[in-house]
Amino acid sequence: MTEQPNPKPPLPQRFGEPFPRITVDESDGSPFDRILRIGVFAADSWALGPDGPIRNPHQTKADICRGQVREALLHLLELGLVDIDVDRLNDGNSYPAFRGKVFGG
């Protein structure tokens, strides 16, 4: 079997260097769209469940956001639909907090 080339761009070597992005097809019916729907359902279920803000109105907006993101990501990981690239995670010096240009840029 021939080893497939890694579709991921190399990680920056120093803090602050441009971080190359992977193109993602977000169109209706794409794998991303399908995963998004599953994650959104999990996040909505959390929000309406016993740990969410409906039953815990003292939660801050940040608490709610973190809870929904956590529930969606955990659900997708548990289903085996997404994987964590541990080597890439460990090899990076830092990761940008924002998707596009530097915040405010």
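Above: the structure in question.
The shown structure was predicted, so the numbers you read here are calculated from the model rather than taken from an experiment. (Residues numbered from 1 in each chain as written. Predicted model: local features only at pLDDT ≥ 70, side-chain atom pairs only at ≥ 80, totals over all residues. Heavy atoms only, no water.)

### Topic: the overall build of the protein
And step 1. Of the regular secondary structure elements, the protein holds three helices and zero strands.
And step 2. Across the protein, contacts joining residues at least 24 apart in sequence account for 49% of those joining residues at least 6 apart.
And step 3. Carbon together with sulfur atoms contributes 58% to the accessible area of the protein, which is approximately 8,900 Å² in total. (Helix = DSSP H or I, 4+ residues; strand = E, 2+ residues; numbered from the N terminus. Contact = heavy atoms within 4.5 Å. Areas by Shrake-Rupley, 256 points an atom, 1.4 Å probe, with all protein chains shown as cover.)

### A look at the pattern of salt bridges
And step 1. For the structure shown, the criterion picks out three salt bridges.
And step 2. Here Asp85 ties to Lys8 by a salt bridge, and the two come within 2.6 Å at their closest N and O atoms. Taken as a pair, Asp85 in the loop between helix H2 (61–78) and helix H3 (86–91) and Lys8 in the segment before helix H1 (31–48) lie far apart in primary sequence, 77 residues in all.
And step 3. Of the residues examined, Asp85 reaches a relative accessible area of 29% and is grouped as partly exposed.
And step 4. Overall, Lys8 belongs to the partly exposed group, its relative accessible area being 30%.
And step 5. Among the salt bridges present, the one from Asp33 reaches Arg37, with a minimum N-O distance of 3.0 Å. On the criterion of helical spacing, the pair formed by Asp33 and Arg37 is a turn pair, its members being four residues apart in helix H1. (Salt bridge = Lys/Arg side-chain N within 4 Å of Asp/Glu carboxyl O. Buried < 20%, exposed > 50% of the residue type's maximum accessible area, 1.4 Å probe, protein only.)

### Comments concerning the side chain of Gln59
And step 1. Along the chain, Gln59 falls in the loop between H1 and H2.
And step 2. Reaching out from Gln59, the side chain makes a polar contact with the backbone oxygen of Asp51 at a distance of 2.8 Å.
And step 3. Discounting chain neighbours no more than four positions away, the residues touching Gln59 are Trp46, Asp51, Gly52, Pro53 and Ile64. (Polar contact = N/O pair within 3.5 Å; in protein donor to acceptor, adjacent residues only side chain to side chain.)

### Quick word on a nonpolar patch on the surface
And step 1. Judged by side-chain polarity, Ile22, Val24, Phe32, Leu36 and Val40 come together as a nonpolar surface patch covering roughly 400 Å² of accessible area.
And step 2. Judged by its relative accessible area of 45%, Val24 falls in the partly exposed class. (Patch = residues over 30% accessible without salt bridge, like charges linked within 9 Å, V, L, I, M, F, W, Y side chains within 5 Å.)

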